[in-house]
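# Remarks on the overall topology
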Amino acid sequence: MMKKLFIILALLINTVTLVQAQDIEGEWTPDESSYLGEIRIKHIEGNKYKVRLQTRDGLQTINATYSNGELFGRFEDEEPNYGEFWVGNGPIENGREKEILVGHEYGRYGTNGAVTGALNGNVGYQYTNSRRNCATVEKSFVCVYLYFKGETMTAYYTHRGEYLKNGTPMFYQESGKVNGMNYTKW
């Protein structure tokens, strides 16, 4: 009895996955001009998809994950920057809020603006709170969020900078969601 129940459950999950793939898989065209351009979605397996974007900056192919009506993926849009990056209180004119500080020559530093949040247990930015205790790589990403309703899709994206220490992302800075462009399936 238990074996039959397991088989039925497995078939049901596969059917739901297949229906999901059929609903979002295909070619999507923006209703107006969009930074993300034409989008092609191909189901790989389970909740994994391959997404091809014809962005203004060129063709991008990303791996994406589907969950709760959202398909999410990201791509690096610039070469990494190397240097000294830490989180500290910004200049007085900025209200002394937590900012990403960037080391310059002769002990000077500048700012990349307010930090959005910590990653990988860097609570309170304890692992990246000074020039001697800093991240050394900044990676720039475009994060893509695709939402589906019937034969339409709405696409958003954010710009995100992640700061890595010894290869581990420690904190990030992210814009709000941009675009909200409607797409139609071919």
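Residues numbered from 1 in each chain as written. Predicted model: local features only at pLDDT ≥ 70, side-chain atom pairs only at ≥ 80, totals over all residues. Heavy atoms only, no water.

So, about the overall build of the chain. The helix and strand inventory of the chain stands at one helix and 13 strands. Within the chain, buried positions represent 38% of all 186 residues. Summarising the internal contacts of the chain: among those between residues at least 6 apart in sequence, 50% fall at separations of at least 24. (Helix = DSSP H or I, 4+ residues; strand = E, 2+ residues; numbered from the N terminus. Buried < 20%, exposed > 50% of the residue type's maximum accessible area, 1.4 Å probe, protein only. Contact = heavy atoms within 4.5 Å.)

For the rest of this paragraph, the subject is the environment of Gly176. Residue placement: Gly176 occurs in the loop between β12 (168–174) and β13 (178–185). For the pair Gly176 and Thr158, spaced 18 residues apart in sequence, the C-alpha separation works out to 6.0 Å. Apart from residues lying up to four places away in sequence, Gly176 is in contact with Tyr157 and Thr158.

For the rest of this paragraph, the subject is the nonpolar core. Among the nonpolar cores identified, the biggest contains 23 residues, and Leu36, Ile39, Ile41, Val51, Leu71, Leu146 and Phe148 are the most heavily contacted of them. Going through the elements one at a time, β2 (39–45), β3 (48–55), β4 (58–67), β5 (70–76), β10 (135–149), β11 (152–165) and β13 are the ones with two or more residues in this core. It is β10 that contributes the most residues to this core, four residues altogether. Ranked by size, the runner-up nonpolar core spans 10 residues in total, among them Val87, Val102, Ala135 and Tyr163. (Core = buried A, V, L, I, M, F, W, Y, C linked by side-chain atoms within 4.5 Å.)

Turning our eyes to something else, we now look at the confidence of the model for the chain. Do not read the fine detail of predicted coordinates wherever pLDDT is low. Confidence in the prediction of the chain, expressed as mean pLDDT, is 88, and 85% of residues score 70 or more. Per-element mean pLDDT across the chain ranges from 49 in helix α1 (residues 2–24) up to 98 in β12. Counted against residues more than four places away or in other chains, residues 5–21, with its pLDDT under 50, gives six contacts. (pLDDT = per-residue confidence, 0-100.)

What follows deals with unusual backbone geometry. Residue Asn68 is not a glycine yet carries a positive backbone phi of 50°. Within the secondary structure, Asn68 sits in the loop between β4 and β5. For Asn120, which is not glycine, the phi torsion reads 50° and is therefore positive. Summarising the element assignment, Asn120 is placed in the loop between β9 (117–118) and β10. For Asn120, a relative accessible area of 53% translates into the label exposed.

Let's shift gears to the packing of aromatic side chains. Each aromatic ring pair is characterised by the separation of its centres together with the angle its planes make. Evaluation of the coordinates by the stated rule reveals 10 aromatic pairs. Measuring from ring centre to ring centre gives 5.0 Å for Phe72 and Tyr145, while their planes differ by 45°; the resulting arrangement is tilted. Of this pair, Phe72 sits in strand β5 while Tyr145 sits in strand β10, and the two are 73 residues apart along the sequence. The class of Tyr145 is buried, set by a relative accessible area of 12%. Taking the centre distance of 6.4 Å and the plane angle of 90° together, the rings of Tyr125 and Phe171 count as edge-to-face. Taken together, the positions of Tyr125 in the loop between β9 and β10 and Phe171 in strand β12 put the pair 46 residues apart, joining distant regions of the chain. (Phe/Tyr/Trp six-rings, centres within 6.5 Å; stacked < 30°, edge-to-face > 60°.)

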